[in-house]
Number of protein chains: 2
Amino acid sequence: MKIIMDAMGGDNAPAEFLKGAFQAANEFGVEMILVGRGEELLRIMKQLGYDTLPQGVQIANADEVVDMHDDPATVLHTRKNSSMVLGLKMLADGMGDAFISAGNTGALLSAATLLVKRVKGIRRAAFGPITPTKSGSAVIIDAGANAECSPEFLLQFGCMGSYYAKKALNLEQPRVALLNNGTEDSKGTDLQKQAYGLLRQAGDKGVIRFVGNVEAREFMLGGADVLVCDGFSGNVLLKSIEGTAMYMSSLLKGIFTKNLATKLAAAICSSGIKELKGLMDYRRVGGTMLIGISKPVIKAHGSSDALAVKNAVQQAIGVVNSGICDDIRDNVDKMILPRETQANA
Amino acid sequence: MKIIMDAMGGDNAPAEFLKGAFQAANEFGVEMILVGRGEELLRIMKQLGYDTLPQGVQIANADEVVDMHDDPATVLHTRKNSSMVLGLKMLADGMGDAFISAGNTGALLSAATLLVKRVKGIRRAAFGPITPTKSGSAVIIDAGANAECSPEFLLQFGCMGSYYAKKALNLEQPRVALLNNGTEDSKGTDLQKQAYGLLRQAGDKGVIRFVGNVEAREFMLGGADVLVCDGFSGNVLLKSIEGTAMYMSSLLKGIFTKNLATKLAAAICSSGIKELKGLMDYRRVGGTMLIGISKPVIKAHGSSDALAVKNAVQQAIGVVNSGICDDIRDNVDKMILPRETQANA
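Bear in mind the structure is a predicted one, so any value in this text is a computation, not a measurement. (Residues numbered from 1 in each chain as written. Chains lettered and ligands numbered in written order. Predicted model: local features only at pLDDT ≥ 70, side-chain atom pairs only at ≥ 80, totals over all residues. Heavy atoms only, no water.)

What am I meant to see in the relation of the copies chain B and chain A here?
The two chain copies are related to each other by a rotation about an axis together with a translation along it. For these two chains of identical sequence, chain B goes onto chain A by a turn of 180° and a shift of 0.0 Å along the axis, with RMSD 0.0 Å. Such a turn and shift between the copies fits a two-fold axis. Looking at the rotation axis and the C-alpha trace of chain B, the residue lying nearest is B:Ala265, at 2.1 Å. The overlap is high: 98% of the interface residues of chain B also sit at the interface in chain A, so the same surface is used on both sides. (Least-squares fit on C-alpha atoms with pLDDT ≥ 70 in both. Contact = heavy atoms within 4.5 Å.)

Set out below in structure tokens:
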């Protein structure tokens, strides 16, 4: 298996990306193609104590880098020699099995859509991060790719999320729920009301196991395996989980560092605290798949370090092996509204 | 001061409401009018060990109760003899200074709007709960009253929230921010883009101190004193804060109850843990003001116990004393879009 990686995107690029990629190649036995400024990568490789590239690792030169301020809509033209654009072209051309980048999120979404393309019939690709909940883990889809959504987008997110969760969370019949401001059928804005009807129909047809509306609180307490939402609400949800976890962690730190006795208490609980921190650590999963793109594209966290990079590679390997993109392609006819198909065909 | 209270709404009504009201009358020296089924209230009063009503407490009879399944839109007609509707009428008629209910949220909003009315010029009343953040406390407005919002609603929420925060959080110049999926001016859906422009103008005119867009994570880390959002996003935010806090608390409990040593650790940190729990406890604040209604109406938490009821009374006293409703009335001309005024006058 060959994993193509943008070595230049993210706060800690390229050093942490080289480290993470070298570790991944060694540990997982995959080939890694690092896309970026060749000379810079080789120089940093030497700083890291390597004379030559480790076995299975190659470098593909790209002179430019997409930065965080580049306009996503035009990056294909303004940064055509960038590590992100060239890496995606390589994926589209079959030179690798998956692509990973920690760079500009909007640019990655836009360039992946234009170069690698969506699965035919899928209206929008979505971010589907896996987040810990009280019952284990769940997929939030869309967590921020599409601020404005149509009801059909949400139907497709629910179906794609279900196929994704089957493989990524190893569930036979993932519980798909719609994020809403109450559990009654009539809750939400027009978007949720219409999406509810479509998801209910898909549930009745057996395409997904739709369990209805869920509020954010019940979701966190384990109410769903796949949470369907527009990208705006999904971003609010994901970021408030992160913010609340960070805030509570800082309160806990205050409690444990109060005096000598509480420091002792912290030492006693250290394994549990470490576990808790690990659970809330973005590095654990590594990245977020762009679900709906025809080939595996993984967005790694912007502040990824070597561990997060390695975990993103592991996730990419899992996505490739599971055949999730094929599952979506094979079942896309169940995710399209008949009249819309004609209108948009 | 006279506080009118719906004694029949909420999971623990009426016993906990009697207890809380009796305590409040005694502790704060206010008069309490309890609205509900008279005979039932007197019977429970006796069960609580009282022969007569404590000084300052009266009962106003209401034969019906609004239940959680009643349709908010028609409750004024279908439940016209309910404790909620009669209590609101008493407030409208000047028989008290504030009204508190823990009953059906939608019904309270709808009945308060129709009976007590909004401040003239205010398009929609909003829920403005106070939530703890890393920098202290902040107001989320709207936290769920209006799932669908116009940009002008959001402008008004920002202005009303600012006047509210000045008094409720004791801030001279509260930082007003717009909840968004990024900090750049161009972020969000059409609603956020347009609301951003209106809030920016209000900031430039000195009506509010607008600090721009904020993501949910930065909000939780202390990025704003007043967070403006549509009621759908506000509900997602508030409920995910609650859910994440509950989830993390359950993880913590697991850590502390693992074995004898960790139980000792918990004992050492008990004061800190208690403080943390208190901070995340809805009973602390007591209730949420319906901001924009012409007189003080407080929604208490549905599962309020006596302590929460007492705190809701304390909050109501604070709202009455602060003159927040007058502040909004006196400044409403700054919260109306000129062309809209003409169109809607």
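Having put the structure on the table, let's press on.
Please explain the side chain of A:Asp327 as it appears in this structure.
Counting through the fold element by element, A:Asp327 comes out in helix α13 (residues 324-331). The contact partners of A:Asp327, leaving out residues within four places of it in the chain, are A:Tyr163, A:Lys167 and A:Ser322. (Helix = DSSP H or I, 4+ residues; strand = E, 2+ residues; numbered from the N terminus.)

Honestly, the pairing of strand β6 (residues 130-133) of chain B in this entry has me stumped. Any pointers?
As a general feature of sheets, a regular strand has side chains that alternate between the two faces. All names here are of chain B. Of the two faces of β6, the one holding Ile130 and Pro132 and the one holding Thr131 and Thr133 are both buried throughout. As paired elements, β6 and strand β7 (residues 136-141) share four bridges and run antiparallel to each other. Following the sheet pairing, threonine 131 is matched in β7 by alanine 138. Once β6 ends, the chain turns through two residues before running back antiparallel as β7. (Buried < 20%, exposed > 50% of the residue type's maximum accessible area, 1.4 Å probe, protein only. Pairing = 2+ DSSP bridges.)

What exactly am I supposed to notice about the packing of helix α1 (residues 15-28) of chain B against helix α2 (residues 38-47) of chain B here?
Angle between the axes and distance between the axes: these two values describe a pair of packed helices. Residues and elements named next belong to chain B. The interhelical angle for the contact between α1 and α2, taken along N-to-C directions, is 70°, at an axis separation of 10 Å. Relative to α2, α1 is oriented roughly perpendicular. You can see that α1 and α2 cross each other, and the crossing is right-handed. Contacts between α1 and α2 involve Ala15, Leu18 and Phe22 from the first element and Leu41, Ile44 and Met45 from the second. For the contact of α1 with α2, a count of residues per class yields six nonpolar, no polar and no charged. (Axes fitted to C-alpha atoms, helices over the stretch in contact; angles between N-to-C directions. Parallel < 35°, antiparallel > 145°, perpendicular 65-115°, else oblique. Left-handed = near helix turned anticlockwise from the far one by under 90°. Nonpolar A, V, L, I, M, F, W, Y, C, P; charged D, E, K, R; others polar.)

I keep staring at the packing of aromatic side chains and nothing clicks. Help me out?
Ring pairs (aromatic) are described by centroid distance and by the angle formed between their planes. Using the criterion set out here, one finds five aromatic pairs over all chains in the structure. With centroids separated by 5.5 Å and ring planes inclined at 70°, the aromatic side chains of A:Tyr196 and A:Phe210 adopt a geometry described as edge-to-face. You can see A:Tyr196 sitting in helix α7 (residues 190-204) and its partner A:Phe210 sitting in strand β9 (residues 209-214), a full 14 residues away along the chain. With centroids separated by 6.2 Å and ring planes inclined at 45°, the aromatic side chains of A:Phe256 and B:Phe256 adopt a geometry described as tilted. Here the residue A:Phe256 occupies a position in helix α9 (residues 231-256), and B:Phe256 occupies one in helix α9 (residues 231-256), the pair thus bridging two chains. (Phe/Tyr/Trp six-rings, centres within 6.5 Å; stacked < 30°, edge-to-face > 60°.)

In this structure, what is going on with the nonpolar core? I would like to understand it.
Grouped burial of nonpolar side chains is what soluble globular proteins tend to show. Core analysis: the largest hydrophobic core is formed by 90 residues, its most contacted members being A:Leu88, A:Phe219, A:Val297, B:Leu88, B:Phe219 and B:Val297. Setting aside residues up to four positions removed in sequence, A:Leu88 forms contacts with A:Phe99, A:Leu108, A:Ala111, A:Ala112, A:Leu115, A:Val116 and A:Val297. (Core = buried A, V, L, I, M, F, W, Y, C linked by side-chain atoms within 4.5 Å.)

Geometry only, nothing functional implied.
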